[in-house]
Amino acid sequence: MEHHLELAVTLVVAIGLIAQWLAWRFRLPAIVLLTAAGLAVGPGLGLIDPSHDFGTLLRPMVGLAVGVILFEGGFSLHFHEVRHTGRAILRLITLGVVLAWALGAAAGHWVAGLSWPVAAVLGAILVITGPTVIGPLLRQARLQSRPGSFLKWEGIINDPVGALLAILTFEYLVHSGPGSAMGEVAGGLLLAAGVAAALGGGGGYLLGRAFERGMVPEFLKAPTLIAAILLVYALANLAQAEAGLLATTVMGLVMGNLRLASSLELRRFKEHIVVLLISILFVVLAADLETALLADLDWRTAAFVGIMLLVVRPLAAGLSTMGAYMTWRERLLVAGVAPRGVVTAAMAGVLGPALVAHGYPDARLLLPLVFGVILVTVAVHGFTIRPLARWLGLVAAGRDGVLIVGAQGWTIELAKILNKLDIPVTVADSSWHRLRPARMAGLTTQSGELLSELGQQRLDLSGIGYLLAATDNDAYNALVCTRFAPELGRDRVFQLPTVEAEDSETRDFSHTLRGQVAFSEEATFDRMMQRHYLGWTFQLTRLTDEFTYDDFVQHCPVNAENLLMVRENGEVVFQSPSRPLEPATGDTIVCYRPARPDRNGQKAEAKEQPAS
């Protein structure tokens, strides 16, 4: 028995991570491969049977994993971002959530044949449209900024909001069983809310303050956080049945809005843990589906999935955005896209068995119904979002925008120049403070860690075709280029040159894991910063029949640096040692040159710049 359990655990972990790697390698939705893998090793081949292999440990293990996932969702939601998302998104996450819940519950009862209580939980679960599936779809479709932002922010905010709604609906049902008085129901809900506020809210606040005051060393913060999440989940369930999920969600919301100095490191660690948990959870939940239960699914299941796709989402999104500042094309696109993801399946995996245990036998259909909706919506929206967006005219016009990673004085000035040339540009940096000059100049900015899952979810790549990594960390520049090369193209990601290693093998290896060299081999980070503080300026020169490229070279200082050019059609071309510029008439050259001498023939003094 022990050896069988070891093999089962090892198989689940290995299959989950292999599915994640295949999804990354072939750019496929991970959720589809994880589900297919679970169905294959479970009902298909019978290699594992989670209910038999793990026994009574299965449900608490799933509950603990979902608790950590919900904490991560709450931790990623910042209240100030919700206030600034605009009327359309506020409508989608308020009125849209209520309409989707009501319509989904009605479809679950009248079409899928569920009892009203179970249908209400199902409707609440299917409200969730998580960023784990929305993000890849948006990158694939390359939508314009506005419609892309509607779908992106709805997914980010709906993740914890929908989970909270599902938990509250479940709590209501648990405390309003047959023969329960209204006072008992209200008392149970208030007790659950109180436990969540005290343990989740209070515990999260105290832990955050302990982190801030240095009461926990850096190397113990992430492990302490995981242990605290599990402890809060367990204590909340002991104090009030099934209150653990609500408590961990509240804990995440509280800690995520404390603006902790160590939040970046905590988020990275959590993302790694959550990826592992999701991989295991999906395989286990799919493998635990009974063959007899799958065989019982009939036309009602197909009809329910079709109505969720073609009726519930369009009605909920269309009605909730009436009167919002959206064009009819944007409303139609938003109404036609709502893939469900990780948190949806996780909630069904926890709440379905819990409802069965509390006397709702038809809740055993929750998990297969939810998996059906997930697989169909991911597949359908994956194939239709770009054709639909193209038909509506909402695909980004071109890919000539530039993402500049690293907010220094000269990169911000370069961004201003590109903005002046009508080139979309975004300046990204992990420091909110360093981005202040860019924000003051009216440039589009992106704060946070780009290499984190959350940073990539929030990054708007619509219209972005080039990347310039210009931080002071050569290894980080290489990692950023490697991360975005599959999406933008390796010939479109650039980084400042590095000092070559003497060892040839190391040098060859570094070439495979970095971007194209930007500008010239001399344009290192230190050299560009030195030029900035010496007062170097950017010069725009448009070539004409009267002023050719040869004329430009004669008038340009010898030590000036050609950075890029913008062709007459708006295409951006970066200067690189491996691909020198070949300007033609009509092109505009962006040159970085020394300060011009003043009227007395002396070099102009460099302007004072704040430290970067």
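Numbers given to residues run from 1 along each chain, matching the order in which its sequence is written. With pLDDT at 70 or above as the cut-off, local features in this predicted model cover only qualifying residues; side-chain atom pairs require 80 or more to be listed or tallied, and sums for whole chains, interfaces and linings still use all residues. To get the side-chain values, take all heavy atoms of the structure and skip hydrogens and water.

**Q** Would you mind going over the environment of Gly 489 in detail, with residue names and values included?
**A** To qualify as a helix, a DSSP run of H or I must reach at least 4 residues; to qualify as a strand, a run of E must reach at least 2; elements of each kind are numbered from the N terminus. Along the chain, the position of Gly 489 falls in the loop between α23 (474-488) and β5 (493-495). Between the C-alpha atoms of Gly 489 and Gly 465, which are 24 residues apart in sequence, the distance is 8.5 Å.

**Q** Lay out the packing of helix α17 (residues 328-335) against helix α19 (residues 366-392) with the relevant residues and their values.
**A** Close contact between α17 and α19 brings their axes to 10 Å; oriented N to C, the two are set at 170°. Viewed along their axes, α17 and α19 adopt a mutual orientation that is roughly antiparallel. Contacts from Trp 328, Arg 329, Leu 332 and Leu 333 of α17 reach α19 at Ile 385, Leu 388, Ala 389, Trp 391 and Leu 392. Under this grouping Gly is polar, as are all residues other than the nonpolar Ala, Val, Leu, Ile, Met, Phe, Trp, Tyr, Cys and Pro and the charged Asp, Glu, Lys and Arg. Across the contact of α17 with α19, the residue classes tally to eight nonpolar, no polar and one charged. The axes used here are C-alpha line fits, helices contributing only the stretch in contact, and every angle between their N-to-C directions lies in the interval 0 to 180 degrees. With respect to orientation, any angle under 35 degrees is reported as roughly parallel, any angle over 145 as roughly antiparallel, any angle of 65 to 115 as roughly perpendicular, and every other angle as oblique. Note on contacts: a residue pair is in contact if any heavy atoms of the two residues lie within 4.5 Å.

**Q** Can you tell me about the state of the cysteines, naming the residues and giving the values?
**A** For the purposes of this analysis, a disulfide is any pair of cysteine sulfur atoms at a distance within 2.5 Å. Using the criterion set out here, one finds zero disulfides in the structure. Cys 556 carries a free sulfur, and the closest cysteine sulfur to it, the one in Cys 591, is 3.4 Å from it. Given the relative accessible area of 12%, Cys 556 is considered buried. Buried means the residue's accessible area, taken with a 1.4 Å probe over protein chains only, is under 20% of the maximum for its type, while exposed means over 50%, and partly exposed covers the values in between.

**Q** Talk me through the side chain of Thr 471; I want residue IDs and the actual numbers.
**A** Of note, Thr 471 is situated in the loop between β4 (464-469) and α23. Residues adjacent in sequence count toward polar contacts only when both atoms are side-chain atoms; beyond that, a polar contact is any pair of N or O atoms within 3.5 Å, and within protein one must be able to donate a hydrogen and the other to accept it. At 3.2 Å, the side chain of Thr 471 forms a polar contact with the backbone nitrogen of Asn 473. Here Asn 477 takes part through its side chain, which lies 2.6 Å from a polar atom of the side chain of Thr 471. Setting aside residues no more than four positions away along its own chain, Thr 471 makes contact with Val 405, Gly 406, Gln 408, Tyr 476, Asn 477 and Phe 525.

**Q** With reference to specific residues and values, describe unusual backbone geometry.
**A** Here Asp 422, not a glycine, exhibits a phi torsion of approximately 65°, which is positive. Positionally, Asp 422 belongs in the loop between α20 (409-420) and β2 (425-429). Not every positive phi belongs to a glycine, and Phe 519 is a case in point at roughly 70°. As for its position among the elements, Phe 519 is in the loop between β6 (516-517) and α25 (525-533).

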